[in-house]
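Understanding the architecture of this molecule
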Amino acid sequence: MTRTKMRIGRRLGVAMTTLAAAGCAVVLTAPYASATVDDLSVSTGSPQAGCTYQLTAKVNHWFEVWFYDNALVIPGSPVKPVNGVATVQWKPKKSGTHTLAALQGLAYEIKVNVAEPTLTGSATCGAGPLAWMGS
């Protein structure tokens, strides 16, 4: 066999291996490409530091959803969605701008401004001053 034929055979083998590896990568990642978060919301429009709120992600796939606050995993993640909705409890520790994200294949982000608490006790977290009366 000549050197030219050996080089062509070697190149053909490398090309086929590369093509096969690329095909495997497409097949293995294909389900995640269609998994997206369609919406992310917070249970209140004006969260305060130290209070607990519910984050809700509307998704289009059954894959687990990861929730993040400023790129840190929110405790309770990952969450398995039920009927296209995944929820987690979120308690911001500090005031300021928080970047909240839900990830299921692709990420969906929102920015939320968290305020300093204005009162003490349950009234701070929206229970109102007469919360102890069951109102």
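Whatever comes next refers back to the structure up there.
Scope of this entry: the structure provided in the associated data block. Remember, it's a predicted structure, so these values are computed and weren't measured experimentally.

Digging into the nonpolar core
Core analysis: the biggest nonpolar cluster contains 20 residues, and Leu-55, Ala-57, Phe-67 and Trp-90 have the highest contact counts within it. Those elements giving two or more residues to this core turn out to be β1 (37–42), β2 (53–59), β5 (85–90), β6 (96–104) and β7 (106–114). Sorting elements by how many residues they give to this core places β2 first, with four residues. Here Leu-55 is in contact with Ser-41, Val-42, Phe-67, Ile-74, Ala-86, Thr-87, Val-88, Trp-90 and Leu-100, once residues within four sequence places are set aside.

What to know about the layout of surface pockets
In this model, the largest pocket occupies a volume close to 320 Å³. What lines the largest pocket is a set of 13 residues, and nearest its centre among them are Asp-69, Pro-75, Trp-90, Lys-91 and Lys-93. Broken down by secondary-structure element, the contributors of at least two residues to the lining of the largest pocket are β4 (72–73) and β5. Split by residue class, the lining of the largest pocket holds five nonpolar, four polar and four charged.

A closer look at the side chain of His-98
Along the polypeptide, His-98 turns up in strand β6. Assessed through its relative accessible area of 5%, His-98 is described here as buried. Side-chain polar atoms of His-98 contact the side chain of Asp-69, separated by 2.8 Å. Only 2.7 Å separates the side chain of His-98 from the backbone oxygen of Lys-94, close enough to count as a polar contact. If sequence neighbours within four positions are ignored, His-98 has contacts with Asp-69, Asn-70, Trp-90, Pro-92, Ile-110, Lys-111, Val-112 and Val-114.

Observations regarding the environment of Leu-103
With respect to the secondary-structure elements, Leu-103 resides in strand β6. Classification of Leu-103 as partly exposed rests on a relative accessible area of 28%. For Leu-103, the contacting residues outside a window of four places in its chain are Val-37, Glu-64, Val-65, Trp-66 and Tyr-68.

Cut-offs used in this document
Residues numbered from 1 in each chain as written. Predicted model: local features only at pLDDT ≥ 70, side-chain atom pairs only at ≥ 80, totals over all residues. Heavy atoms only, no water. Core = buried A, V, L, I, M, F, W, Y, C linked by side-chain atoms within 4.5 Å. Buried < 20%, exposed > 50% of the residue type's maximum accessible area, 1.4 Å probe, protein only. Helix = DSSP H or I, 4+ residues; strand = E, 2+ residues; numbered from the N terminus. Contact = heavy atoms within 4.5 Å. 1 Å grid on protein atoms, 1.4 Å probe; cavity = no way out; pocket = protein on both sides within 12 Å on 5 of 7 lines; lining within 4 Å. Points joined across faces, edges and corners; volume = space filled by probe spheres on them. Nonpolar A, V, L, I, M, F, W, Y, C, P; charged D, E, K, R; others polar. Polar contact = N/O pair within 3.5 Å; in protein donor to acceptor, adjacent residues only side chain to side chain.

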